[in-house]
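# Overview (structure and organization)
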Amino acid sequence: MSARLLIVLAAAQVLSAGSRPFEFGRDIGGILTRKGCNSATCHGGVKGRGGFKLSPAALYPKEDYEWIVKGGTYQVLTAEVAGERKPRIDLRNPQQSLLLLKPTMEVPHGGGRRFEPGSAEYRAILEWIRAGAPMGLEPAADNKISRLELLPNLVTLEAQSMARLQVKVHFHDGRVEDFGEQAAYKSNDPDVVSVDENGMLQAKRIGETAIVVRAAGQVGSATVGVIGAPVVPYPPLDRVNFIDDLVYDKLQHFRIPPSPRASDSEFLRRVCLDLAGILPPPQRVREFLASRDPNKREKLIDKLIGSPEFVDYWTFRFEDVFRVAVFSNGIQPKWSRMYDEWVRENVATNKPYDQVARERLAAEGYDGPTRHFLPYDVIGPPGETMAEEVRVFMGRRLDCAQCHNHPYENWSQDQFWGLAAFFQRTFKMGDTGNEYVIFEHPLDEDMGNAEVNGNLKMYHPRTKVELKPTLLDGTVIKPSARENPRKALAEWLVRHPFFAEAAVNRIWSYFFGRGLVDPVDDFRSTNPPTHPELLARLADDFRTHNHDLRRLMRLIVTSRTYQTSGRTWPSNREDRTNYSHAQPRPLDAEVLLDAISDVTGVPEIFGTAVSASAEATAQAPYGTRAIQLGEPDVFYSRFLEVYGRPNRLTVPERNGHANLTEAMHMLAGPAYNGKIGNSAGRLQRFLKAGKTDAEIIDEFYLAAFTRFPEKSEMAGIRNLIAIAPDRETAWKEFVWAVLCSREFAENH
Amino acid sequence: VLSYGVLAAVTVVAAGLCGEAAKEPDPKISTIFPVAGRPGDSFEAVIRGTDLEKARSVIFEGSGLRASLLGAESEAGTEVKVKIAVAPDTPAGRYQLRVVTANGVTNQIALDVLAGPLVEQSAVHGAVSEFPVTIMGRLNRPGDTDDYWLEIRDGVTLSFEAVSLTPAFDPAIALYEPSGSWFDSHRLNRIAFNDEPLSFPGLSRNALLVHKFSRSGKYCVKVSGFNGDGGPDHAYELNITSGVKPTPSLHPGLSAVFEERQFTRLLRPTRMRDLASRGGSGKTEQPLETFRAAKEGSAEIPVMTIPGVVEGRITLPGEVHVIRVRLEKAQDIVFEVETPEATLPRFNPVVRLLEPGGREIATDVYTKLNNNGLYMMKMIRAKTTLSIGAAGEYTLQIRDITTACAGQDFRYRVLVRQQVPHVGNVEIAPERVNLPAGGSKPLNVSIDREEGFRGYVTVDVEGLPAGVTARPAFENPEDKPPLPNGGRLERYTPREQRTTVMLIATPDAPQSDIPTRIRVVVRVVRDGSLVAPLAVKEIPLMVLPRTTS
């Protein structure tokens, strides 16, 4: 046995934590994790910090060890070390090691004081350096960490109570070890539950949040709910399908009573906006409210699903997700139109969603779905294209892993580039910019590459290793020379559990204003679903029913959960995530503009001119609704820009946040005032026809709010009209007030 | 002397301050409406355009149509009202017309003569129920949509075609049924739509929609402009016929009698002789033998000799055809690709020539790098030239560029032959000349020198009117820097050469009342003699009054 090995073994003995031999990754890496040194905002970030790079949560202990013991400046785009390597520890004078001086602020440190001299962490690091800074034992190559487990994973806390989280690490060989002292804890909402560095939870107020734990290179989360006082008696629950079972079970668990069933007018307005993006006309509202048919809601749902308005609306929805826009589809209006027609056909024929995904992912040739490979005028970079497909169809954001291992997730840079390699041979054929044909360049054919020293191969940006198409689980796909590898990717993707999960979550969000995972395309272990079992059941149901979107929507809107009122009890008012009551959602810009046009009876004119004074060279046909416009970059609308129509240059995230310009638009914008005063509009027609005050009020309430006015509202408005010096102006102000109300501008 | 000098200087400065000299009028026409007439009809029409002041007459290409001017033209020079008479025996077809004005002769536009029922938009009242019918309409403003109601019996199949006679207008057709919806009982619901069968350079932008009606009743067909385009030049014919009108071949038309490098040109059995007649030595007039390739992986791979044509169809996605090419000696060869049925962008034939070891030595895929050298750009070309360094059996491989597209109409013909030096495409411009007395106008002729053609080409201008002469001239050559990262461009492009003939009118040249048709004739010189013309173009020329500016 060599003398050196004897020293290392002796040091390991000295440093060993109880019965366990010393491991650098766990014992020193654990301190760095716990103290936040290797977090994304510090040395665990993309570029490291101050040239010193650590892997997130000590994911790669050997690399961390080298950066500490050998030193050197980290570079992002290459594995080469910049400059002279100066160790960050001093074996001859351990207390003068940078690794101790910096976090104790004995020399200036941008990250501030992380621990005190003499603290347990300080002493552990000092002892390690004194012992010769060994690497210690390394896990065997075939016995890597398989997962991080938090116990309990779902915590229910009474108000002001406390509990402790346990952090267990599972190894491939079945061993499970406690990493509680080598973990970093963070609460996603400290106002609901706080957590200290020992994993102790403290309930703050009623609500729910996730506690994120990073340890041993892994990330995990636990859901913690703070419950209120028992509700006695708990209201009887009317369950229609499994959605209600799973939502109500959790509500009961958290002692939150659901609101009553939505009134007919609440339901009618909500379901029309959600399924068709349009308000019901007054006559239909009257009929529905008057109907005594116990099945009228189900019958209405069946009428709406598949209606022409449904096709328009869901085409608009998927135009957003799939980014139908001139600039996103090759800068050729004809191409974005081809692509749009494909989207429309998918909706109109209720094409199974897995088929839609296959057609888009594996598209070749010159048809509609191929156009999405041409953002601006070029084939998008493989990494960006892949990241978008994964985001759209799997609900995951891999973008961060392009440059580094994902800081909050278990996505590695290798996984990112392995998936990106599926798109490395996607080419466009054509010269002039209006003839591009999308094709897969065969592996074994030169096709003129030698003439320009062209290379089809793609390399890992850091390691420079040649990339092969590799699925997330590490399976390398070897398509035959002339096979389109994207076909294999598409087949894998639509069968992957993420696919159905992401689809149902996205659709769910359209009906409830938030996904079971929210944002809908940000699934990660640190952003867990509010209702994991419901998400799984919905995904399973979707998968086993041929990825039928209409069926999924029907399942959702027939549930009692969807049909819950927006009115609240004191005991459920604070709930935002458990569907105890309907949450008001701002109407999307296009839907709002269409609703204003419908209520005022004045269609919007959409021209290509970008200002009111300029002459439009083209104009959408009279009566075109905003949701039917297709591409956002053909017809200009100041209203739509102000209210947040996305340009679709990236996957849109509509936030619906109000802004000052909207308020200005309400006061002075033509969409409100021009339409209200239009001589052909609903108000002027009513006035000319000599309708009574009550008739006018009723009609506008039915058109805008899908309900009759309350008696007090009717009396108040009639009084205001009666005392106004100018009746017509008073009516205009009434209509303006209706259109500017939250009740109108929101779906609730 | 001083005062005159100052005056001259002031004049020059003043002229400068006044800006550019007045623009020479250039009469152009854009549309005629109505866009069609029937044999024996006489009807009033309006021709729209610019610089149409002092219109004198309308001239038609061919016989059977006459036009007389009606009243005064518009003050702005944008309209000419005419009365058109179509002789009863005029065959149906498309007729080109020009307007002759004091500013010269215009470009030409088309007027259709149709044999079937023809009705103007304003005369359509109620639902149309008799087919065939052609409705002539115009979308006067942006956003306009023309709606026509139809009364249809169940089981009927109709074809709807919206034909634009001007390049500026791209029509679309949509078919609606008044089935209403829960929200709007009067809602028209779209049941079919067509913008054009395929949007691709060189293909027609006319819309064609075929629909079988499963229910009797009223339907609405709407004609609109792409993305809401509209205006007074947006005139169309809406042809509604019973049965299925065949989809156009999606084959771009050829712009000249002889096209060298279009996938859709015919590689005739006389191809070698055709090329020889364009400057070849005359020793290459061999007949072409036809061969069939085998599917890749077949036990037996056929062998072809050159010159020869290999024909086949890619009927299954990913299918690859191969044939061996026996070359007896080192030589310069060509492979030319023809797509007689489906063509780009549906069928994109990749042809590769592999040496006996399997290495690619040439392909019809031209590859270059983009300007910053970051990525490869690829284009398929209909003709590839190359030099073969040694005799042997080479392999020709043919497939579609995608792994997904195939069909019975994915038919190819690949001609492999020896190189024949010749003149390829010939272009002559402009298409009309309005020449002021005392002035001059250039007439440009460009030729493509193919496969090492080094001979002479002559240009003659015949039929010039009195006072007009044609003289060879040098033009200022364009600076064309070589493409960076341009790849093997020479394999896929000819050497282009351009010459100019200056048309010069003397100050006292007699003015034209009607255009004179001059002829530009391009011939190749072979063995010291002129051979049959490669290209002949007739160009209307008018001598105008001398310009005062």
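Just so you know, these numbers come straight off a predicted model, no measurement behind them. (Residues numbered from 1 in each chain as written. Chains lettered and ligands numbered in written order. Predicted model: local features only at pLDDT ≥ 70, side-chain atom pairs only at ≥ 80, totals over all residues. Heavy atoms only, no water.)

Now for the overall build of chain A. A count of helices and strands for chain A gives 27 helices and 14 strands. For 748 residues, the compact-globule estimate of 2.2 N^0.38 gives 27 Å, and chain A sits close to it at 30 Å. Out of the 748 residues in chain A, the part that is buried amounts to 56%. For chain A, the share of sequence-separated contacts (at least 6 apart) that also reach a separation of at least 24 residues comes to 64%. Accessible surface, chain A: about 31,300 Å² in total, of which carbon and sulfur atoms supply 54%. (Helix = DSSP H or I, 4+ residues; strand = E, 2+ residues; numbered from the N terminus. Rg over C-alpha atoms; globule rule 2.2 N^0.38 Å. Buried < 20%, exposed > 50% of the residue type's maximum accessible area, 1.4 Å probe, protein only. Contact = heavy atoms within 4.5 Å. Areas by Shrake-Rupley, 256 points an atom, 1.4 Å probe, with all protein chains shown as cover.)

What follows covers the overall build of chain B. Scanning chain B from N- to C-terminus turns up two helices and 40 strands. Out of the 549 residues belonging to chain B, those deemed buried represent 50%. Contacts spanning at least 24 positions in sequence make up 72% of the contacts within chain B whose residues lie at least 6 apart. Total accessible area computed for chain B in this model is approximately 25,600 Å², and 52% of it derives from carbon and sulfur atoms. In chain B, 62 side chains carry a positive charge and 65 a negative one; their mean positions are 3 Å apart. (Lys, Arg positive; Asp, Glu negative; His and termini not counted. Charge placed at Lys NZ, Arg CZ, Asp CG, Glu CD.)

So, on to the nonpolar core. Residues and elements named next belong to chain A. The biggest cluster of nonpolar side chains holds 199 residues, and the ones touching the most others in it are Phe322 and Phe511. Tallying contributions element by element places helix H16 (residues 497-512) first for this core, with ten residues. If sequence neighbours within four positions are ignored, Phe511 has contacts with Asp274, Leu275, Trp314, Met553, Ile556, Val557, Tyr562 and Arg585. (Core = buried A, V, L, I, M, F, W, Y, C linked by side-chain atoms within 4.5 Å.)

Looking now at a negative patch on the surface. A contiguous patch of negative charge on the surface is contributed by Glu427, Glu478, Asp479 and Glu496 of chain B. Tracing the backbone shows Glu496 of chain B in strand S37 (residues 495-505). (Patch = residues over 30% accessible without salt bridge, like charges linked within 9 Å, V, L, I, M, F, W, Y side chains within 5 Å. Salt bridge = Lys/Arg side-chain N within 4 Å of Asp/Glu carboxyl O.)

What follows is about the packing of helix H8 (residues 282-290) of chain A against helix H24 (residues 693-705) of chain A. Residue and element names in this part refer to chain A. Between H8 and H24, the least distance of the axes is 8 Å, while the angle of their chain directions is 85°. The angle between H8 and H24 places the two elements in the roughly perpendicular class. Touching Pro282, Val285 and Arg286 of H8 are Asp698, Glu699, Leu702 and Ala703, all from H24. Tallied by class, the residues present in the contact of H8 with H24 amount to four nonpolar, no polar and three charged. (Axes fitted to C-alpha atoms, helices over the stretch in contact; angles between N-to-C directions. Parallel < 35°, antiparallel > 145°, perpendicular 65-115°, else oblique. Nonpolar A, V, L, I, M, F, W, Y, C, P; charged D, E, K, R; others polar.)

Time to look at the interface of chain B and chain A. Counting residues at the interface gives 55 residues for chain B, matched by 60 residues for chain A. Between chain B and chain A, a total of about 4,600 Å² is buried, with carbon and sulfur atoms accounting for 58% of that surface. At the junction of chain B and chain A, the tally comes to ten salt bridges. Residues Arg491 of chain B and Glu451 of chain A are paired through a salt bridge, measuring 2.9 Å at the closest nitrogen-oxygen approach. Scanning the region where chain B abuts chain A turns up 22 residue pairs in polar contact (both at pLDDT 80 or more). Among the elements that take part in the side of chain B that touches chain A, strand S28 (residues 376-380) of chain B stands out by supplying five residues, more than any other. Taken together, the residues of the side of chain B that touches chain A sort by class into 23 nonpolar, 17 polar and 15 charged. (Buried area = accessible area lost by both parts, 1.4 Å probe. Polar contact = N/O pair within 3.5 Å; in protein donor to acceptor, adjacent residues only side chain to side chain.)

Residue and element names in this part refer to chain A. Within the secondary structure, Glu177 sits in strand S5 (residues 176-178). Since its relative accessible area comes to 15%, Glu177 is described here as buried. Reaching out from Glu177, the side chain makes a polar contact with the side chain of Arg175 at a distance of 2.3 Å. Sequence-distant contacts of Glu177, defined by excluding residues within four places in its chain, comprise Arg20, Arg26, Val167, Lys168, Val169 and Phe171.

All names here are of chain B. The buried fraction of strand S23 (residues 320-327) amounts to six of the eight residues, a majority that puts the element mostly inside the structure. Bridge count between strand S20 (residues 294-295) and S23: two bridges; the pairing is antiparallel. Looking at S23, one finds that Lys295 is bridged to His321. In terms of strand pairing, strand S21 (residues 303-305) meets S23 through three bridges, oriented parallel. Along S23, the bridge assignment pairs Val303 with Arg324. Pairing analysis gives eight bridges linking S23 to strand S30 (residues 392-400), with the strands arranged antiparallel. Paired with Leu327 across the strands is Gly392, a residue of S30. (Pairing = 2+ DSSP bridges.)

On to the environment of Pro307 of chain B. Residues and elements named next belong to chain B. For Pro307, the position within the fold is in the loop between S21 and strand S22 (308-313). Measuring from C-alpha to C-alpha, the distance between Pro307 and Met272 comes to 8.4 Å, with 35 residues separating the pair along the chain. Leave out the neighbours within four places in its chain, and Pro307 touches Met272, Gln286, Pro287, Leu288, Glu289, Val416, Arg417 and Gln418.

A few words now on the confidence of the model for chain B. Residue and element names in this part refer to chain B. For chain B, per-residue confidence averages 91 on the pLDDT scale, and residues scoring 70 or more make up 94% of the total. Note that residues 1-20 has pLDDT below 50 and, in this model, zero contacts with residues that lie over four places away or in other chains. Complex prediction metrics read pTM 0.90 and ipTM 0.92. (pLDDT = per-residue confidence, 0-100.)

What follows deals with the state of the cysteines. Under the definition given, this model contains zero disulfides over all chains. The thiol of Cys42 of chain A is unpaired, and the distance to the nearest cysteine sulfur, on Cys37 of chain A, comes to 6.2 Å. (Disulfide = S-S within 2.5 Å.)

Residue and element names in this part refer to chain A. Covered by surrounding structure in strand S2 (residues 154-158) are Val155 and Leu157 only, the residues Leu154, Thr156 and Glu158 on the alternate face being uncovered. Bridge analysis of S2 against strand S10 (residues 218-227) gives five bridges, and the strand direction is parallel. Within S10, the residue paired with Glu158 across the bridge is Ile227.

This brings us to unusual backbone geometry. That bond from Phe33 of chain B to Pro34 of chain B is cis: its omega, 0°, falls within 30 degrees of zero. Relative to the assigned elements, Pro34 of chain B resides in the loop between strand S1 (28-33) and strand S2 (36-37). Here Ile306 of chain B and Pro307 of chain B are connected by a cis peptide whose omega angle stands at 0°. Its identity as a non-glycine residue notwithstanding, Thr706 of chain A has a phi of 60°, on the positive side. Inspection of the secondary structure assignment puts Thr706 of chain A in the loop between H24 and helix H25 (711-723). Positioned with a positive phi, Asn227 of chain B is a non-glycine residue whose angle comes to about 55°. With respect to the helices and strands, Asn227 of chain B occurs in the loop between strand S17 (217-225) and strand S18 (235-242). The class of Asn227 of chain B is buried, set by a relative accessible area of 12%.

Turning our eyes to something else, we now look at the side chain of Asn505 of chain A. Residue and element names in this part refer to chain A. As for its placement among the helices and strands, Asn505 is situated in helix H16. Among the polar contacts listed, one links the side chain of Asn505 to the backbone oxygen of Val517, at a separation of 2.9 Å. Apart from the residues within four sequence positions on either side, Asn505 is in contact with Gly515, Leu516, Val517, Val520, Phe523 and Leu535.

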